[in-house]
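So the chains spell out like this:
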Amino acid sequence: MADTLKVSAPGKLIISGEHAVVYGYPALVAAVNRRLSISLARGKKKIKSNIPIGCGMGSSAAYAVATSAARTFLKNKKLDLGEINKMAYKIEKKRHGNPSGVDNTVSTYGGLLWYRKESEGLKTFSSIKIKRSLPKIYIIGTGKPVESTKEMVTRVGKLYRKDHQNTEIIFKEIEKITRNFLQYLLGERVASFQELIKENEALLEKLGVVSSFTVRLIREIEKIGGAAKISGAGGSKNKSGILLVYHKNANKLKNFVKREKLELIKIQLGEEGVKIEK
Ligand code: MEV
């Protein structure tokens with residue numbers, strides 16, 4: 001219908017670099033096949049989404065991006081990605097105080113991105129063309145954290161101020177892993193995808209963003225020969241949002257989630273960014 005506008009924006013999965021990215025370290029992030037859409041018709045707004053809310057998959061950024069896209073489209077009759085991304089970042093800033101901008105950027109542009117916030121006025125990113133077949137990645141939901149992204153970012157901020165030297169060391173280690181993931185994806189390095197996830201998770205635990213409930217689940221996944229990490233802001237009190245999970249034998253994961261009464265979801269990386277739905 002000509003008088004209906006429908007825009008949609010994807011959720012995301014951070015492969016590596018969450019939290020460190022707030023302090024200028026790089027992050028590797030992918031848009032995923034979960035989307036939020038906004039329809040505007042005769043002054044009414046309808047929102048639909050299959051991105052879990054507040055679980056690390058970028059639901060709030062997808063909302064900010066879709067809203068910004070609808071506004072700019074109504075004004076300019078085209079989608080200006082740069083403008084949408086800037087507007088969405090402002091919305092994210094209001095909500096969450098000190099965002100890196102990675103979530104709104106990947107939801108705007110889609111694909112797989114290498115992202116870095118050099119300073120407030122300069123955020124750089126490159127789209128990555130994967131040179132090898134990606135291992136099958138799953139997600140498992142541990143449940144919605146009681147803390148918001150803003151609270152988790154603040155928590156890491158306190159640690160950063162209190163124990164500056166050690167926190168910088170953790171961020172630098174995270175950066176090394178993020179670079180190893182990049183080289184792996186570009187086919188420049190034969191790293192073990194599983195080992196990188198495991199090392200990344202250990203560092204996130206040092207930052208205090210993974211709850212003991214979630215740590216137990218992750219140790220169980222490691223015991224059956226797999227690896228898992230939180231993805232996004234995490235959660236330290238009870239649940240920690242979604243886990244990015246890898247196991248070369250998916251049946252082992254299927255048995256694990258059955259035992260734990262959890263759900264295993266296969267996720268596709270590299271989804272298209274914000275778009276007008278016909
Ligand atoms: C949240 O998806 C990722 C964090 O690094 C926060 C941010 O980058 O704004 C925890």
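These figures come from a predicted structure and were not determined experimentally.

Cut-offs used in this document
Residues numbered from 1 in each chain as written. Predicted model: local features only at pLDDT ≥ 70, side-chain atom pairs only at ≥ 80, totals over all residues. Heavy atoms only, no water. Helix = DSSP H or I, 4+ residues; strand = E, 2+ residues; numbered from the N terminus. Rg over C-alpha atoms; globule rule 2.2 N^0.38 Å. Buried < 20%, exposed > 50% of the residue type's maximum accessible area, 1.4 Å probe, protein only. Contact = heavy atoms within 4.5 Å. Areas by Shrake-Rupley, 256 points an atom, 1.4 Å probe, with all protein chains shown as cover. Core = buried A, V, L, I, M, F, W, Y, C linked by side-chain atoms within 4.5 Å. Near = heavy atom within 4 Å. Polar contact = N/O pair within 3.5 Å; in protein donor to acceptor, adjacent residues only side chain to side chain. Pairing = 2+ DSSP bridges.

## Comments concerning the overall build of the chain
- What the chain contains, in helices and strands, is 8 helices and 10 strands.
- Since a compact globule built from 278 residues should have a radius of gyration of about 19 Å, the 18 Å found for the chain is in line with a globular shape.
- For the chain, the C-alpha atoms occupy an extent of roughly 55 × 40 × 40 Å along the three principal directions.
- The buried share of the chain, taken over its 278 residues, is 53%.
- The long-range fraction of contacts in the chain, counting pairs at least 24 apart against all pairs at least 6 apart in sequence, stands at 70%.
- Surface accessibility of the chain: about 13,200 Å² in total, with carbon and sulfur atoms responsible for 51%.

## Overview of the nonpolar core
- Core analysis: the biggest nonpolar cluster contains 69 residues, and Leu-13, Leu-28, Phe-181, Leu-207, Val-209, Ile-221 and Val-245 have the highest contact counts within it.
- It is helix α5 (residues 164–185) that contributes the most residues to this core, 8 residues altogether.
- In this structure Leu-207 touches His-19, Val-156, Leu-159, Thr-167, Ile-170, Phe-171 and Ile-174, once residues within four positions along its chain are discounted.

## Concerning the site of the ligand
- For the ligand, the set of nearby residues contains 14 residues, the closest of which are Lys-12, His-19, His-96, Ser-100 and Asp-103.
- Between the ligand and the protein, one listed contact pairs an oxygen atom with a side-chain N or O atom of His-96 at 3.2 Å.
- In the model, an oxygen atom of the ligand is placed 2.8 Å from a nitrogen or oxygen of the Asp-103 side chain.
- Burial of the ligand by the protein amounts to 98% of the accessible area it has alone, namely 300 Å².
- Looking at the shell around the ligand, the elements with two or more residues in it are β1 (4–16) and α3 (102–109).

## So, unusual backbone geometry
- Positive phi is not limited to glycine here, since Arg-42 has a value of about 45°.
- Look at Lys-261: it is not a glycine, yet its phi comes out positive at around 55°.
- Tracing the backbone through its elements, the reader meets Lys-261 in the loop between α8 (250–260) and β9 (264–266).
- Overall, Lys-261 belongs to the exposed group, its relative accessible area being 74%.

## A closer look at the pairing of strand β6 (residues 138–141)
- Relative to strand β8 (residues 242–246), β6 is paired through 4 bridges, and the arrangement is antiparallel. Among the inter-strand pairings, Ile-139 is bridged to a residue of β8, identified as Leu-244.
- As defined by bridge partners, β6 adjoins β9 across 3 bridges and the pair is classed as antiparallel. Note on β9: the bridge partner recorded for Tyr-138 is Lys-266.

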